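# Summary of structural features
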Amino acid sequence: MSVLVVVECDKGEVKKSSLEVASYGAQVAQMLGTTATAVAVGEASEANLATLGEQGITKVLFDAEPRLKDFVNGAYTKLIAAATEQEQAKVIVLANSNIGAAVGSRLAIRLKASLATNVVELPKANGSSFTVKRGAFSGKAFADVVLSGERKIIAVKKNSIEALHNAGQTAQVQAFSASLSDADFADAPKQVVMQDQAGGILLPEADKVVSGGRGMKGPENWHLIEDLAKALGAATACSKPVSDVDWRPHHEHVGQTGITVSPNLYIACGISGAIQHLAGVNSSKVIVVINKDPEAPFFKAADYGIVGDVFDVLPKLTQAVKELG
Amino acid sequence: MKFLVCISNVPDTTTKITFTPDNKEFNKAGVQFVINPWDEYALTRAIELKEAQGSGTVTVLNVGEADTEPNIRKALAIGADDAIRVNAAPKDAYFVAQQIAHYAKEGGYDVILMGKESIDYNGFQVHGMVGELLGIPTVAPAMKLDMNGNTATLEREIEGGKEIVEVNAPFVASCQQPMCEPRIPNMRGIMTARTKPLKVVDAVGEGAATEVAEYQLPPKKQGVKLIPAEQAGELIKLLRNEAKVI
Ligand SMILES: Cc1cc2nc3c(=O)[nH]c(=O)nc-3n(C[C@H](O)[C@H](O)[C@H](O)COP(=O)(O)OP(=O)(O)OC[C@H]3O[C@@H](n4cnc5c(N)ncnc54)[C@H](O)[C@@H]3O)c2cc1C
Ligand SMILES: Cc1cc2nc3c(=O)[nH]c(=O)nc-3n(C[C@H](O)[C@H](O)[C@H](O)COP(=O)(O)OP(=O)(O)OC[C@H]3O[C@@H](n4cnc5c(N)ncnc54)[C@H](O)[C@@H]3O)c2cc1C
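Procedures and definitions
- Residues numbered from 1 in each chain as written.
- Chains lettered and ligands numbered in written order.
- Predicted model: local features only at pLDDT ≥ 70, side-chain atom pairs only at ≥ 80, totals over all residues.
- Heavy atoms only, no water.
- Near = heavy atom within 4 Å.
- Polar contact = N/O pair within 3.5 Å; in protein donor to acceptor, adjacent residues only side chain to side chain.
- Areas by Shrake-Rupley, 256 points an atom, 1.4 Å probe, with all protein chains shown as cover.
- Helix = DSSP H or I, 4+ residues; strand = E, 2+ residues; numbered from the N terminus.
- Nonpolar A, V, L, I, M, F, W, Y, C, P; charged D, E, K, R; others polar.
- Buried < 20%, exposed > 50% of the residue type's maximum accessible area, 1.4 Å probe, protein only.
- Pairing = 2+ DSSP bridges.
- UniProt positions renumbered as here; feature names shortened; annotations may be inferred.
- Contact = heavy atoms within 4.5 Å.
- Axes fitted to C-alpha atoms, helices over the stretch in contact; angles between N-to-C directions.
- Domains from an automatic or database assignment.
- Salt bridge = Lys/Arg side-chain N within 4 Å of Asp/Glu carboxyl O.
- Buried area = accessible area lost by both parts, 1.4 Å probe.
- Phe/Tyr/Trp six-rings, centres within 6.5 Å; stacked < 30°, edge-to-face > 60°.
- Lys NZ or Arg CZ within 6 Å of the ring centre and 35° of its normal.

### Some thoughts on the site of ligand 2
Residues and elements named next belong to chain B. For ligand 2, the set of nearby residues contains 31 residues, the closest of which are Cys6, Asp39, Asp120, Gln125 and Tyr215. Contact between ligand 2 and Asn122: an oxygen atom at 3.4 Å from a main-chain N or O atom of the residue. Gln125 has a polar backbone atom sitting 2.7 Å from an oxygen atom of ligand 2. In isolation ligand 2 offers 890 Å² of accessible surface; the protein chains occlude 93% of this area. Broken down by secondary-structure element, the contributors of at least two residues to the shell around ligand 2 are β4 (57-64), α3 (93-107), β6 (111-115), α4 (126-134) and β12 (210-216). Its residues assigned to classes, the shell around ligand 2 shows 16 nonpolar, 10 polar and 5 charged.

Below is the structure:
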């Protein structure tokens, strides 16, 4: 019995969320007195996979099939199922990403496993069952869920687990083949279009986010958000009305009906803090609110706040970050 | 084409979440339930595609007890032709997926549309499970869906971008914006919805694969620390030295 972790790679690098997933899997393996094996998906490089040793991974299975570079649900599911059988894995850990959760739900049926998505903590074992804490009601609550199946699949929410860094440890990378055929690539993309992200930081992966609302008055003022984001190494985001009127692209919209983010730092500029907006950001570690209205509801959910005009405050913040060096 | 749209009945987005005293169940008292916002995209898109094709049917399916019927009727008022309610409390995603897969197969639907996720339980998993149970592709989450004959072209969102995917019916897709502008019921729709068929059927298959032991509310925030606007730069120092996040 071992623990299998699924690591997503992009342009040869292991994604940050997958370093967290690997660390989660390694800690579960330790708890169960076994080792953690990783299986790589996406555009992986063998050299980078070996560094997963730092996250406590012993062995990495790598299928060099070039069509695995892009997300293909059918092929990924078959690959991970084959790795599960080879490793006799009882626990599978993946990222709660669009890829991880989509594959996890197919695997739950194929492997007759109990699945929990959106998991925020390490499990507590009780005999052969696990209790895991997961986010529910769009960040407004948590649920302790009991997984009692013989096989368990856990999809870990980004930024909820600290990645381990045991310097110098390396994982052994092993060639692996799931004997994938054309039929497994039925949902292969005809085309992949990546966003042109400000500063190259993807919002779902970002650990700092600067976000703007209607208080920014118009798209022509977004350089104030972008300048601060750039100085901090943060991604940019926005409220729903801002993307509804096309001031910003839809993929930047956070909230209950947008994407959920849980960065270490979320800076809200000219956003009132409606309950549907908070649902997408309230698991951020530190929330900063800049709003000219002292009664704005967002201040109740904030750790730090400035009552002031964004057009005056944002340039000062950017300047102060630059001065930090 | 026969479209099946699966709708989940969820607390309104403004609901303050509370639990029963033993923390084992969501406290429904006084809560307004709505059609899961993502599912409205699935429903409207199915109706649009049916209209564009000039023939076909849109059936809505909900796994829920009798109290979900007002929202099923609302879906009929928006433009679905008929409805199925699987008469059972939706215990977990696996339980729900088995019901959908069973009745989808029985009815011979070509396209099964769902929302990206249910905003109560945030599972993002029923669509994948249904696809696997039926042995057909699932495209999740889809931002765009067009049909040409039996072939669908979809935009699937991935972290940081999108994939253009082509699949043949039958398939499952989970929908999200900006797929369409969700419709709201008009007077005529509300009148005709009353007489559209709503079939109540029994649950099938196995029980749930998971169980909730306890719900918890997030810890309360300490309260906001305000920095005067004139000393905005101080905030950055606090973020570095006190909060240690930059
Ligand atoms: C079903 C449903 C789902 C929804 N989902 C989402 C969602 O996912 N995400 C989301 O964001 N919203 C969502 N909403 C919308 C939500 O209810 C709010 O309407 C929205 O979040 C408000 O956006 P805002 O804060 O940018 O704008 P507003 O509420 O208009 O707030 C603007 C704020 O800017 C401040 N301001 C103005 N000028 C300045 C200035 N010069 N300097 C500083 N501050 C200034 C004002 O004081 C105000 O607080 C949803 C609504 C519904 C009904
Ligand atoms: C107050 C309340 C408490 C609940 N508590 C729990 C709980 O403790 N554990 C639990 O597992 N579930 C619970 N549910 C049920 C939940 O609403 C779902 O029906 C089911 O569990 C699937 O949830 P999910 O988040 O995994 O769905 P997702 O995978 O996120 O849903 C994706 C899509 O599947 C479809 N779908 C989901 N549910 C249904 C449904 N019932 N009928 C038809 N289509 C559907 C919709 O199109 C939805 O957009 C609760 C529901 C309510 C109203």
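### Looking at the pairing of strand β1 (residues 2-14) of chain A
All names here are of chain A. A large share of β1 lies buried, amounting to 10 of its 13 residues. Sheet analysis places β1 next to strand β4 (residues 89-95), joined by 4 bridges and oriented parallel. If you follow Ser2 over to β4, its bridge partner there is Ala89.

### Structural notes on the UniProt feature "domain: Electron transfer flavoprotein alpha/beta-subunit N-terminal" (unreviewed entry) in chain B
In the UniProt entry, the feature "domain: Electron transfer flavoprotein alpha/beta-subunit N-terminal" (unreviewed entry) is given for residues 23-210 of chain B. Its end C-alpha atoms 17 Å apart, residues 23-210 of chain B is made of 31% helix and 31% strand.

### Brief notes about the side chain of Glu155 of chain B
Among the secondary structure elements, Glu155 of chain B is positioned in strand β8 (residues 151-158). Leaving out residues up to four positions away in the same chain, Glu155 of chain B has contacts with Pro141, Ala142, Met143, Lys144, Lys162, Glu163 and Ile164 of chain B.

### Let's talk about the site of ligand 1
Near ligand 1 lie 27 residues; those nearest to it are Lys217, Ser239, Ser272, Gln276 and His277 of chain A. Around ligand 1, the nearby residues trace back to chains A and B. Within the backbone of Gln256 of chain A, one N or O atom sits 3.0 Å away from an oxygen atom of ligand 1. The separation between an oxygen atom of ligand 1 and a polar side-chain atom of His277 of chain A is 2.8 Å. Coverage of ligand 1 by the protein amounts to 78% of the 990 Å² it exposes when considered alone. Among the secondary structure elements, those contributing two or more residues to the shell around ligand 1 are α6 (240-244), α7 (275-281) and α8 (310-324) of chain A.

### What about the sheet that holds strand β12 (residues 208-212) of chain A?
Here 6 strands make up an open sheet; going across it, the order is β13(A)-β12(A)-β14(A)-β15(A)-β16(A)-β13(B) and the pairing parallel. Taken across any chain shown, the strands that pair with only one partner, and hence form the sheet edges, are β13 (235-238) of chain A together with β13 (225-226) of chain B. Direction of pairing for strand β16 (residues 304-307) of chain A relative to β13 of chain B: parallel, over a ladder of 2 bridges. Paired with Gly305 of chain A across the bridge in β13 of chain B is Leu226 of chain B. Docked against the sheet, helix α5 (residues 223-232) of chain A engages β12, β13 and β14 (265-269) of chain A, running at close to 175 degrees with respect to β12 of chain A. Across the sheet, helix α6 (residues 232-241) of chain B is in contact with β14, β15 (286-291) and β16 of chain A together with β13 of chain B; its angle to β16 of chain A comes to roughly 175 degrees.

### Describing the domain arrangement of chain A
All names here are of chain A. Domain annotation of chain A identifies domain 1 (2-185) and domain 2 (198-324). With 9 residues of domain 1 in contact, the opposing surface of domain 2 contributes 13 residues. Taken together, domain 1 and domain 2 are joined by 0 salt bridges. At the boundary of domain 1 and domain 2, one finds 8 residue pairs in polar contact (both at pLDDT 80 or more). Class assignment of the residues belonging to the side of domain 1 that touches domain 2 gives a composition of no nonpolar, 4 polar and 5 charged.

### Some points on the sheet that holds strand β10 (residues 171-175) of chain B
Across the sheet, 10 strands lie side by side as β11(A)-β9(B)-β8(B)-β7(B)-β10(B)-β6(B)-β1(B)-β4(B)-β5(B)-β11(B); this open sheet has mixed pairing. Because the sheet does not close on itself, it has two edges, and the strands there are β11 (189-194) of chain A together with β11 (198-201) of chain B. On average, adjacent strands in this sheet sit at an angle of 30 degrees to one another, irrespective of strand direction. As defined by bridge partners, β4 of chain B adjoins strand β5 (residues 82-87) of chain B across 6 bridges and the pair is classed as parallel.

### Regarding the interface of chain A and chain B
At the interface, 83 residues of chain A touch 72 residues of chain B. Taken together, both faces of the contact between chain A and chain B bury some 6,600 Å²; the carbon and sulfur share is 59%. The three residues of chain A that bury the most area against chain B are Asn98, Phe137 and Tyr304 of chain A, which together make up 12% of that side's buried surface. Across the chain A-chain B interface, the total number found is 5 salt bridges.

### A word on the packing of aromatic side chains
We describe a pair of aromatic rings using the distance from one ring centre to the other and the angle between the two ring planes. Residues and elements named next belong to chain B. Across all of its chains, the model carries 8 aromatic pairs over all chains by this definition. Lys2 extends its terminal NZ or CZ atom over the ring of Tyr109, reaching a point 4.8 Å from the ring centre. One Lys or Arg, Lys91, reaches over the ring of Phe95 and ends 4.2 Å from the middle of that ring.

### Here we look at the UniProt feature "binding site: FAD" (unreviewed entry) in chain A
All names here are of chain A. Mapped onto this numbering, the UniProt entry gives "binding site: FAD" (unreviewed entry) at Arg214, Gly270, Ile271, Ser272, Gly273, Ala274, Ile275, Gln276, His277 and Asn291. Topologically, Arg214 is positioned in the loop between β12 and α5. Of the residues examined, Arg214 reaches a relative accessible area of 58% and is grouped as exposed. Setting aside anything within four residues of it in sequence, one finds Arg214 in contact with Ser239, Pro241, Val242, Trp247 and Gly270.

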